[in-house]
Amino acid sequence: QVQLVESGGGLVQAGGSLRLTCSASGNIKSVYFMGWYRQAPGEERDWVALISTTTTFTNYKDSVKGRFTITRDNANVYLQMNELKPEDTAVYYCYVVERPRTEYWGQGTQVTVSS
């Protein structure tokens, strides 16, 4: 079992920055993939950025490339969001995958970007 707690969401003006943090606890030694998803009102949850815990692999949704950066340390995954746009407004969810392939989600944190 893995527990996830997110923090760092909030209200920011367009062009501003926010840093999301997800703290993982429990069986984190078995986690091999971490990332962030988001869900805007009326839309399906969609991936934003992913990072491996065992390689240097990272991947970003095209719309956030060059603006968002995903990093991690032992038990945390971060999403640095710069040059935020109103269309980035969503609930952001932390996501991890534990071997062999069990997925866990955080409770979500609201990010609102005003124009």
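Preceding this section is the structure that the text describes.
Because the structure is predicted, anything quoted here is derived from the model rather than measured.

Participant: So what's going on with the overall build of the protein chain? Which residues, and what values?
Facilitator: Broken down by element type, the protein chain carries zero helices and 11 strands. Along the protein chain, helices (α) and strands (β) appear in the sequence β-β-β-β-β-β-β-β-β-β-β when read from the amino end. In terms of overall size, the protein chain behaves like a compact globule, its C-alpha atoms giving a radius of gyration of 13 Å where 115 residues would be expected to give roughly 13 Å. For the protein chain, the spread of C-alpha atoms along the principal axes amounts to about 40 × 25 × 20 Å.

Participant: Quick one: what's the story with unusual backbone geometry, residue by residue and with numbers?
Facilitator: With an omega of 0°, the peptide bond running from Arg99 to Pro100 counts as cis. The residue Pro100 is located in the loop between strand 9 (90–98) and strand 10 (102–105) in this model. Phi is positive for Glu83, close to 50°, though the residue is something other than glycine. The partly exposed category is assigned to Glu83, whose relative accessible area is 48%.

Participant: I'd like a description of the nonpolar core, backed by residues and values.
Facilitator: Counting 29 residues, the largest nonpolar core has Trp36, Leu79, Met81 and Tyr92 as the members making the most contacts within it. Counting residues per element, the ones that place at least two in this core are strand 1 (2–7), strand 3 (18–26), strand 4 (31–39), strand 5 (46–52), strand 7 (68–72), strand 8 (76–81), strand 9 and strand 11 (109–114).

Participant: For the pattern of salt bridges, give the residues involved together with the corresponding values.
Facilitator: Counting across every chain of the model gives five salt bridges. Two residues, Lys61 and Asp46, come together in a salt bridge whose shortest N-O distance is 2.4 Å. Highlighted residues: Lys61 in the loop between strand 6 (58–60) and strand 7 and Asp46 in strand 5, separated in sequence by 15 residues. One network of salt bridges, in which partners are shared, links Arg38, Arg67 and Asp88.

Participant: Report on the side chain of Asp88, specifying residues and quantitative values.
Facilitator: You can see Asp88 is positioned in the loop between strand 8 and strand 9. Classification of Asp88 as buried rests on a relative accessible area of 1%. When sequence neighbours within four positions are dropped, the list of residues in contact with Asp88 reads Arg38, Arg67, Phe68, Glu83, Val111 and Val113.

Participant: Could you give an account of the sheet that holds strand 7, with specific residues and numbers?
Facilitator: Two modes of strand pairing occur in sheets, parallel and antiparallel, and in both the strands are linked by backbone hydrogen bonds. Read from one edge of the open sheet, four strands run 1-3-8-7, paired in antiparallel fashion. Of all strands in the sheet, those with a lone pairing partner are strand 1 and strand 7, marking the two edges. Taken over all neighbouring pairs, the strand axes of this sheet differ in orientation by 15° on average, direction set aside.

Cut-offs and rules
Residues numbered from 1 in each chain as written. Predicted model: local features only at pLDDT ≥ 70, side-chain atom pairs only at ≥ 80, totals over all residues. Heavy atoms only, no water. Helix = DSSP H or I, 4+ residues; strand = E, 2+ residues; numbered from the N terminus. Rg over C-alpha atoms; globule rule 2.2 N^0.38 Å. Buried < 20%, exposed > 50% of the residue type's maximum accessible area, 1.4 Å probe, protein only. Core = buried A, V, L, I, M, F, W, Y, C linked by side-chain atoms within 4.5 Å. Salt bridge = Lys/Arg side-chain N within 4 Å of Asp/Glu carboxyl O. Contact = heavy atoms within 4.5 Å. Pairing = 2+ DSSP bridges. Axes fitted to C-alpha atoms, helices over the stretch in contact; angles between N-to-C directions.

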